[in-house]
Amino acid sequence: MDITNAQRACVLMEALPYIQKYHNKIIVVKYGGSAMLNEELKRQVIGDIALLCLVGIRVVLIHGGGPEISEMLAKVGMESEFVDGLRVTDKETAEVVQMVLAGKINKSLVALMGTFGKNAIGLSGMDSHMIRVKAMSERLGYVGEITSINPAPIFDLLEGGYIPIISTVGCDERGETYNINADTAAAKIAAALEAESLISMTDIPGLLRDVEEETSLIKRVSVDDIPELISQGVISGGMLPKIQCCVDAVKEGVRKVFIIDGRVPHSILIETLTNEGIGTMVTR
């Protein structure tokens, strides 16, 4: 659909107060779901982040990569096993996770960002022991529970004008590699950075009052509302840990957390720079 120059100007003017609001503030984007698998969506996500940085917003991108890990494990003849949504990770699986996340995916995103004229540097949670963990349980093996975040490397990159792109592998005090849930890592890193907001990309429109009806989107919810929504069954299943990460981030100092549908083109820009937004906002 063609739009006039006057309409373009109106769009830019609508975005102006949000650009002013977020100028020089930190936004953490947790990148996952279909937006990582569809090449066109991937390019749009990276382009959105490049645009936000160009208008003075400091963006930190955090990614997982479950489907690509499963694909690589299958290629080398290793099976994937999950307990409560978490991948059971033995020593050999942890090596594959590190290779896929900190190597293949991370560096491809850094390279893609460069095509938009923005300098990015890829990190993993192992760099400068940025994400320190302990074993979550004996059953899960090398799946890490975060014990501390060292935000100094991220701040250094932001001050240097770089976009940090972080893969969610961490290490324990002995330097052993651990797989980390990307939602959990994003929440903890956003809190450590005292981020203005955390944007979590998913394959659903947000928090739905009725999971069978996408028009039942709950646009805004406070942390005090969460227990009642859980008791009503509105928040259940796979949404429970995701919402808990949102609550933890807000309680630890992140001002707002957004759950958005990464399948929608330019969803990051719609949520950040428009009046209506697109997903669910979780606040204190």
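Above this text sits the structure in question.
Parameters at a glance
Counting starts from 1 at the beginning of each chain's written sequence and moves along it residue by residue. Owing to the predicted nature of the model, reporting of local features is limited to residues with pLDDT of at least 70; listing and counting of side-chain atom pairs is limited to 80 or more, with chain, interface and lining totals taken over all residues. Side-chain figures throughout are based on the complete set of non-hydrogen atoms in the structure, without hydrogens or water. We define the nonpolar core as a collection of buried residues of types Ala, Val, Leu, Ile, Met, Phe, Trp, Tyr and Cys that are connected through side-chain atoms lying within 4.5 Å of one another. Exposure categories follow from relative accessible area, calculated using a 1.4 Å probe and restricted to protein chains: below 20% of the type maximum is buried, above 50% is exposed, and the middle band is partly exposed. Secondary structure counts use DSSP, requiring at least four H or I residues in a row for a helix and at least two E residues in a row for a strand, with both numbered from the N terminus. When checking whether two residues touch, look at their non-hydrogen atoms; a contact exists if any pair is within 4.5 Å. Put simply, a salt bridge is a Lys or Arg side-chain nitrogen that is within 4 Å of an Asp or Glu carboxyl oxygen. Orientation is described by axes fitted as lines to C-alpha atoms, over the contacting stretch for helices, and by angles from 0 to 180 degrees between their N-to-C directions. Oblique is the label for any angle not covered by the other classes, which are roughly parallel (under 35 degrees), roughly antiparallel (over 145) and roughly perpendicular (65 to 115). What makes a crossing left-handed is the near helix being turned counterclockwise from the far one by less than a right angle; a clockwise turn instead makes it right-handed. Gly counts as polar in this scheme, as do all residues outside two lists: the nonpolar Ala, Val, Leu, Ile, Met, Phe, Trp, Tyr, Cys and Pro, and the charged Asp, Glu, Lys and Arg.

## A look at the nonpolar core
Judged by nonpolar contacts, the single largest core of 44 residues is most densely connected at Val 28, Val 60, Ile 131 and Leu 198. Here the element with the most residues in this core is helix α9 (residues 239–251); it accounts for seven residues. Residues in contact with Leu 198, not counting those within four places in the same chain, are Val 28, Lys 30, Ala 186, Ala 187, Ala 190, Ala 249, Val 254, Lys 256, Val 257 and Phe 258. Formed by 42 residues, the second largest nonpolar core is a distinct cluster that contains Ile 27, Ala 35, Leu 73 and Leu 273.

## A short note on the pattern of salt bridges
Inspection of every chain in the model, using the stated rule, returns 15 salt bridges. The partner of Asp 172 in a salt bridge is Arg 174, with the nearest N and O atoms 3.4 Å apart. Look at Asp 172 and you get buried, because its relative accessible area is 6%. Of the charged contacts, one joins Asp 261 and Arg 263 as a salt bridge, the two residues approaching to 2.8 Å between their closest N and O atoms. Bridged by salt links that share partners, the residues Lys 25, Glu 196, Arg 255 and Lys 256 form one connected network.

## Comments concerning unusual backbone geometry
Phi at Asn 24 takes a positive value of approximately 65°, unusual for a residue other than glycine. In this structure, Asn 24 sits in the loop between α1 (5–22) and β1 (26–31). Judged by relative accessible area, which is 48%, Asn 24 ranks as partly exposed. For His 129, which is not glycine, the phi dihedral falls at a positive 50°. Structurally, His 129 is set in the loop between β5 (120–124) and β6 (131–135). Among the residues examined, His 129 registers a relative accessible area of 28% and is labelled partly exposed.

## Quick word on the packing of helix α3 (residues 39–54) against helix α5 (residues 91–114)
In the contact formed by α3 and α5, the axes pass within 9 Å of each other and the chain directions differ by 60°. In terms of orientation, α3 lies oblique with respect to α5. For the crossing formed where α3 meets α5, the hand is right-handed. Contact residues: Lys 42, Arg 43, Ile 46, Ile 49 and Ala 50 in α3; Leu 109, Leu 112 and Met 113 in α5. Partitioning the contact of α3 with α5 into residue classes produces six nonpolar, no polar and two charged.

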